[in-house]
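Here is how the chains run, residue by residue.
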Amino acid sequence: MIRNPIPWPNGARCAVAITFDMDADSLIHIARPEDGFDRLYPVSMGRYGPTVAIPRILATYRRLGIRQSFFIPGWCLETYPGAVEAILSDGHEIGHHGWIHEDPVTTRGPSQAEAFEKALDAHRRICGALPRGYRAPVYNVTQQVIDLMVRHGLRYDSSLMADDIPYRLTTAEGALWEMPVHWGTDDWPPFAHYDEIGYMMPVRGPSAGLAGFWEEFEAQYEAGGFFMPILHPFLTGRLARWRLVERWLEEIMASRKVWVARLEDIADHLDALSAQGHDIRTERLPYYRGPQT
Ligand SMILES: [Zn+2]
C-alpha cells in the first residue's frame, strides 16, 4: 500500500509522533489585534493549554517513558515560560511555529522574515537552542518560509501533505525533511469551535472525534508507515479526550511494534538511512514560479 516504506529502528512497524501545537491564546491576539486582549473567553480557552493541559500531557509521557515534539509560537515561549521549561526539562522537543501564529500567506515579504527571525531569537533566549523543525500556522507555509528554514539550518518542516510518510524537500539552496500532516489527523475538525476566528464546527464527543485518528493509525500500521496526530493542548488536552489518547497510547505501546519518537529523532533516522543510500522520495521546490493561468 505504501510504495517505498521507511525501515524503522528495531524492527518497528510504524513510527508514531504525537505532536502538539501549543498556540495558547496567540490565536485571538492575531485574529483580533485591537481587542483580543479583552476577549476573556477565548483568552481563557487558550490559556487552558499551557496551564492545565500541558502538565497533564507531560505526566502521561513521563509515566510511559516517551519524549515527543511540541510546536510553540515565539510569543507563547515568552508568555508561558513555565510550560516551556517543563516541556524541555522532560526531554521533549520544541519546534518553530511562527512568532504570534501569523499566517505566512498573509504576511509575505519583509514582515514574514522579521517574524520568523524574531521567533528564532525567542528560541535561542528561552529554550537555549535553535529549533530543529518548523510547522506553519494553519499549515500555510510559503516558498519564502521554506527558504528561511534552509538558510537558518532547520532540519525539517511539518506543514505539507504530498505523501503518507516522511519525504525529502529540495530547493536550490538546500534540503529539508518533510514530516507530512493532513486534516484527517488534526484535532481542529472534530473538536474546535471558535467563532472569533471563523471556525464553526459541531464539537464531536471524545470517542467519535478520535475514532478517525485510530483508523488512520491502523492503516499506517498495516502499511509500515508513519502516524502523526496534530493536536492542540486546549483541544485534545481536555480531560475526557486526553483520557482516551492516554489509554490508546498505553495499549499500542504494550501490544504493537511502534517507534514512539520525537520528530527530530525521526529526522536523525532519515539522515542515517539517506547516508546508507536508502531511497527516500524527493519533492523539488518551488512547485511553481508564478501564477498558472
Ligand atoms: Zn498553531
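Details of the structure are given in the entry above.
Quick caveat: nothing in here was measured; it's all calculated off a predicted structure. Residue numbers run consecutively from 1 along every chain, following the written order of its sequence. In view of the model being predicted, local features appear only for residues whose pLDDT reaches at least 70, and side-chain atom pairs are presented and counted only at 80 or more, with totals across whole chains, interfaces and linings using the full set of residues. Note that the side-chain values use all heavy atoms of the structure and ignore hydrogens as well as water.

Colleague: Summarise the overall build of the protein chain; cite the residues concerned and give the values.
Modeller: Every helix listed is a DSSP run of H or I at least four residues long, and every strand listed is a run of E at least two residues long, numbered separately from the N terminus. The secondary structure content of the protein chain amounts to 11 helices and 14 strands. Each radius of gyration reported is based on C-alpha atoms, and the globular scaling rule is 2.2 Å times the count of residues to the power 0.38. Relative to the compact-globule value of 19 Å for 293 residues, the protein chain shows a C-alpha radius of gyration of 18 Å, a close match. Along the longest, intermediate and shortest principal axes, the C-alpha atoms of the protein chain span 55 × 45 × 40 Å. Only protein chains enter the calculation, and the probe is 1.4 Å; a residue is then buried if its accessible area is under 20% of its type maximum, exposed if over 50%, and partly exposed in between. Looking at the 293 residues of the protein chain, the share that counts as buried comes to 55%. A fraction of 73% describes how many contacts in the protein chain between residues 6 or more apart in sequence connect residues 24 or more apart. Surface exposure of the protein chain reaches about 12900 Å², of which carbon and sulfur atoms provide 51%. Under the convention used here, Asp and Glu are negative, Lys and Arg are positive, and both His and the chain ends fall outside the count. All charge positions are set by atom: Lys at NZ, Arg at CZ, Asp at CG, Glu at CD. For the protein chain, the distance from the average site of its 29 positive side-chain charges to the average site of its 38 negative ones is 3 Å. The contact rule is simple, with two residues in contact once any of their heavy atoms fall within 4.5 Å. The Shrake-Rupley method, run with a 1.4 Å probe, gives the accessible areas here. Residue values count only the displayed protein chains as cover.

Colleague: Can you lay out the sheet that holds strand 11 (residues 226-227) for me, pointing to particular residues and giving the numbers?
Modeller: The pairing criterion is simple: DSSP has to find at least two bridges between the two strands. Spatially, 3 strands are ordered 11-1-13 in an open sheet, and the strand pairing comes out parallel. Since the sheet does not close on itself, it has two edges, and those belong to strand 11 and strand 13 (258-260), each with one partner. Where strand 1 (residues 14-16) and strand 11 come together, 2 bridges link them in parallel fashion. In the sheet register, Val16 faces strand 11, and the bridge partner there is Phe227. What counts as an axis is a line fitted to C-alpha atoms, over the stretch in contact for a helix, and the angles between N-to-C directions run from 0 to 180 degrees. Here helix 11 (residues 263-275) sits on the sheet in contact with strand 1, strand 11 and strand 13, set at roughly 120° to strand 13.

Colleague: I'd love a proper account of the packing of aromatic side chains, names of residues and values included.
Modeller: In this scheme Phe, Tyr and Trp rings, the latter by its six-membered ring, pair at centre separations within 6.5 Å, and the angle between planes marks the pair as stacked below 30 degrees, edge-to-face above 60, and tilted otherwise. The tally for this structure, following the rule as stated, stands at 18 aromatic pairs. A ring pair is formed by Trp188 and Phe234, whose centres lie 6.0 Å apart and whose planes are at 75°; its orientation type is edge-to-face. With a gap of 46 residues between them, Trp188 in helix 7 (residues 188-191) and Phe234 in helix 9 (residues 233-236) connect regions that are remote in the sequence. Residue class for Phe234 comes out buried when judged on its relative accessible area of 4%. Three or more aromatic residues link up through ring pairs in this structure, and these residues are Phe213, Trp214, Phe217, Tyr221, Phe227 and Trp248.

Colleague: Any details on the pairing of strand 7 (residues 167-170)? Residues and values, ideally.
Modeller: Residues Tyr167 and Leu169 point to one face of strand 7 and Arg168 and Thr170 to the other, with burial holding for every one of them. Counted between consecutive antiparallel strands, the loop separating strand 7 from strand 8 (residues 175-178) contains 4 residues. Pairing of strand 7 with strand 14 (residues 282-284) involves 3 bridges; the strand directions are parallel. Pairing of Leu169 across the sheet is with Glu283, part of strand 14.

Colleague: Go over the packing of helix 8 (residues 206-223) against helix 10 (residues 239-255) with me, naming the residues and quoting the values.
Modeller: Running from amino to carboxyl end, helix 8 crosses helix 10 at an angle of 30°, the nearest separation of the two axes being 10 Å. Taken together, helix 8 and helix 10 sit at an angle that is classed as roughly parallel. The handedness of the crossing between helix 8 and helix 10 is right-handed. On helix 10, the residues that touch Pro206, Ser207, Leu210, Trp214 and Phe217 of helix 8 are Ala240, Arg241, Leu244, Val245, Trp248 and Ile252. Residue composition of the contact of helix 8 with helix 10, by class: 9 nonpolar, 1 polar and 1 charged. Should an angle fall under 35 degrees it is taken as roughly parallel, and over 145 as roughly antiparallel, whereas 65 to 115 is taken as roughly perpendicular and any remaining angle as oblique. Take the far helix as the reference: if the near one is turned anticlockwise from it by less than a right angle, the crossing is left-handed, and if turned clockwise, right-handed. For this classification, Asp, Glu, Lys and Arg are treated as charged, while Ala, Val, Leu, Ile, Met, Phe, Trp, Tyr, Cys and Pro are nonpolar and the rest, including Gly, are polar.

Remember that the coordinates give geometry; whether it matters functionally is a separate question.
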